[in-house]
Amino acid sequence: MKRTTIKDLADLLQISTSTVSRALSNHPDISDAVKKRVKETAETFNYVPNDFAINFRKKSSKVIGLIIPKMSMFFIPSIIEGISAKLNKEGYQFFMLSSEESLEIEKENLQTCANSRVDGVLISLTAQTQNFEHFKKLDDLGIPLVVFDKSLSEDKYDQVIFNNEKDAEVCAKKLVDHNCKKILAIFGNKDLEITGKREKSFMSYLEKYPDVECKSLFCDSAEQVKDKLEIILEYEDFDGIFAMSDETLAGINYALKVKELSAKKYKVIAISEGIFPKYLNPYFEFEKNDGIKMGMMAANILLEKIKNPENKSANTYYI
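Bear in mind that the values here come from a model prediction, so they are computed numbers and not experimental data.

The calculated volume of the second largest pocket comes to roughly 580 Å³. Lining the second largest pocket are 30 residues, with Asp-149, Lys-150, Leu-192, Ser-245 and Glu-247 sitting closest to its centre. Within the residue set of the lining of the second largest pocket, elements represented by two or more residues are α9 (193-206), α10 (222-235), α11 (246-258) and β9 (267-272). The element best represented in the lining of the second largest pocket is α11, accounting for 3 residues. For the lining of the second largest pocket, the class distribution of residues is 13 nonpolar, 8 polar and 9 charged.

Here it is, written out as structure tokens:
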């Protein structure tokens, strides 16, 4: 069925399109009788306002582009929940694009956001992203952008990240406090800045304890963690295990089950969103990264940028 337009309503009622538009928006210059006729006709013919056209005239789409590196059950859903809560409250909608950990797709996603006339962009970078050169198109169009979760050293855009150094140090301290002497530390993708920061902080803390031995392992996925850990546990023994993320923790849990090893045997501590460990094993401890809080903060900063386009400052916000 053809969508009913304002022009259709105007033709049916034999009045101008501007009169129909003003009647639908309760303009004071339009009589109550005309408003009543217009609204009754609009309801009869299932007229639905074209929000895009309305917002285009206002030079605002009220739409945000959300770009994530990949869809995952780990952590991303809580960030989306926080973003959604904030944007909905402010009358904004958003659409989500996945870059599938590809720089080329990330570039395409940024172009899609530009073509869609979004008011702003929230983005979590891919593992391949090394600089912001491909963001220039959005800069030229005056579209504000906020980076969350993963960061780059370039101080060009607002970035919302966790205090990765502190979180890793706290986890290292907990393992030492539990009197762990032989620790296996499992980190994520070696190319990510977040991995580098967490690994450096974790290992630096342990350097203060020469009697503590630590082996590092880098894995790109939960499956890789499981596969590598199954092999390592065949010939090495540990009393403490550190998981850099929920995804890493999932791989550890799977490997322990496959090897029929009890989590009681190890002190397992992770950096986690907080929900996942409770369902895996009650013996797992974690340092919480609040994804909902991150999502709400990133959305709030972006909305402030949209409301105040003259504000060109770029800051890094830690949670």
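Anyway, onward from the coordinates.
Moving on, we come to the sheet that holds strand β7 (residues 213-218). Where strands meet in a sheet, backbone hydrogen bonds hold them as pairs that are either parallel or antiparallel. With parallel pairing, the 5 strands of this open sheet are ordered in space as β7-β6-β8-β9-β10. Since the sheet does not close on itself, it has two edges, and those belong to β7 and β10 (285-288), each with one partner. Across the sheet, the mean angle from the axis of one strand to that of its neighbour is 15°, orientation sign disregarded. Bridge analysis of strand β8 (residues 240-243) against β9 gives 4 bridges, and the strand direction is parallel. In the sheet register, Ala-243 faces β9, and the bridge partner there is Ala-270. Lying on the sheet, helix α8 (residues 164-177) is in contact with β6 (182-187), β8, β9 and β10; it crosses β9 at an angle near 165°.

Rules used in this analysis
Residues numbered from 1 in each chain as written. Predicted model: local features only at pLDDT ≥ 70, side-chain atom pairs only at ≥ 80, totals over all residues. Heavy atoms only, no water. 1 Å grid on protein atoms, 1.4 Å probe; cavity = no way out; pocket = protein on both sides within 12 Å on 5 of 7 lines; lining within 4 Å. Points joined across faces, edges and corners; volume = space filled by probe spheres on them. Helix = DSSP H or I, 4+ residues; strand = E, 2+ residues; numbered from the N terminus. Nonpolar A, V, L, I, M, F, W, Y, C, P; charged D, E, K, R; others polar. Pairing = 2+ DSSP bridges. Axes fitted to C-alpha atoms, helices over the stretch in contact; angles between N-to-C directions. Contact = heavy atoms within 4.5 Å.

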